[in-house]
Amino acid sequence: MPLKVKIRHIEEKDLHLQGKLAALELELDDQDELARAPQPLHYDLTVRLVGKDILVAGHLEMALDCECARCLKPFGYRLDLPDWLLHLPAEGPDKPVLQDDALDLTPYLREAILLEFPQHPLCQSDCEGLPRRAEASSQKTEGSGRTPKASAWAELNKLKF
Ligand SMILES: [Zn+2]
């Protein structure tokens, strides 16, 4: 079941939505080889009318099965959006399409989740990957063996938008 909201319901009062949405509904399958979503999306949202605009705010959470882009090790990744906010203006190009007075939130949830999907999942930010050839590993022992801080942060930035 897609996640739909009746406009006349939010005209009366704010609507609180809490539950799970199957990953299948979000059509996330096979988006990415390194990150998969076998578990449902958990949502805890408040939908309200502000003037004629629709405002959706709340928490989105989803557990992903990832594979490290460097060492190929499988690991669990928690996609967490504690302060997700969606503003749908009553007029203009971003005006939502209503069907039978109902707004389908599913495509917006899909977009939010896809934006947060790890593009370069790493089991840990300083994962050194699979053992390299002998020359590469001898080079590594010369240095401290650790990734300099700056590049570690660069890796983190790749994970988060
Ligand atoms: Zn790794």
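This is a predicted model, so every value here is computed, not measured.

Now for unusual backbone geometry. One non-glycine residue, Glu27, adopts positive backbone phi at about 50°. Position of Glu27 among the secondary structure elements: in the loop between helix H2 (23–26) and strand E3 (35–36). Using a relative accessible area of 54% as the deciding quantity, one classes Glu27 as exposed. In the Ramachandran plot, Leu72 falls in the positive-phi region, its phi being about 70° despite a non-glycine side chain. By the secondary structure assignment, Leu72 is in the loop between strand E5 (53–67) and strand E6 (74–88). A relative accessible area of 47% means that Leu72 is categorised as partly exposed.

Looking now at the pairing of E6. Both faces of the sheet carry side chains from a regular strand, because those side chains alternate between them. Of the strand pairs in this sheet, E5 and E6 are connected by 13 bridges, and their pairing is antiparallel. The residue bridging Leu64 from the neighbouring strand is Tyr77, located in E6.

This next bit is on the environment of Leu49. Note on placement: Leu49 falls in strand E4 (residues 41–50). Leu49 gets classed as partly exposed once you look at its relative accessible area, which sits at 26%. Along the sequence, Leu49 and Glu11 sit 38 residues apart, while their C-alpha atoms lie 6.6 Å from each other. Residues contacting Leu49, with those up to four places away along its chain left out, are Ile10, Glu11 and Ile54.

A few words on the confidence of the model for the chain. Across the chain, the average pLDDT comes to 86, with 80% of residues at 70 or higher. Per-residue pLDDT stays below 50 along residues 135–144; that stretch engages in 2 contacts with residues further than four places along the chain or on separate chains.

Regarding helix H3 (residues 106–116), the residues found buried are Thr106, Leu109, Ala112 and Ile113. Projected onto a plane normal to the axis of H3, the buried residues spread over an arc of 125° and lie on a single side. Residues of H3 that are exposed and point more than 90 degrees away from the buried face comprise Glu111 and Leu115. Contacts from the buried residues of H3 go to strand E2 (15–21), H2, E4, E5, E6 and strand E8 (102–104).

What follows covers the coordination of the zinc ion. Each angle at a metal carrying four tetrahedral donors should ideally be 109.5 degrees, and each at a metal carrying six octahedral donors should ideally be 90 or 180 degrees. Coordination of the zinc ion by the protein is provided by Cys68 (SG), Cys71 (SG), Cys123 (SG) and Cys127 (SG), with metal-donor distances spanning 2.2 to 2.3 Å. Along the chain, the residues that donate to the zinc ion are spaced as C-x2-C-x51-C-x3-C. Here the residue Cys71 occupies a position in the loop between E5 and E6, and Cys123 occupies one in the loop between H3 and helix H4 (134–142), the gap between them amounting to 52 residues. On the accessibility criterion, Cys71 (17% relative accessible area) is buried.

Criteria and thresholds
Residues numbered from 1 in each chain as written. Predicted model: local features only at pLDDT ≥ 70, side-chain atom pairs only at ≥ 80, totals over all residues. Heavy atoms only, no water. Helix = DSSP H or I, 4+ residues; strand = E, 2+ residues; numbered from the N terminus. Buried < 20%, exposed > 50% of the residue type's maximum accessible area, 1.4 Å probe, protein only. Pairing = 2+ DSSP bridges. Contact = heavy atoms within 4.5 Å. pLDDT = per-residue confidence, 0-100. Arc of directions from axis to C-beta. Donors = N, O, S within 2.8 Å, 3.2 Å for Na, K, Ca; no water.

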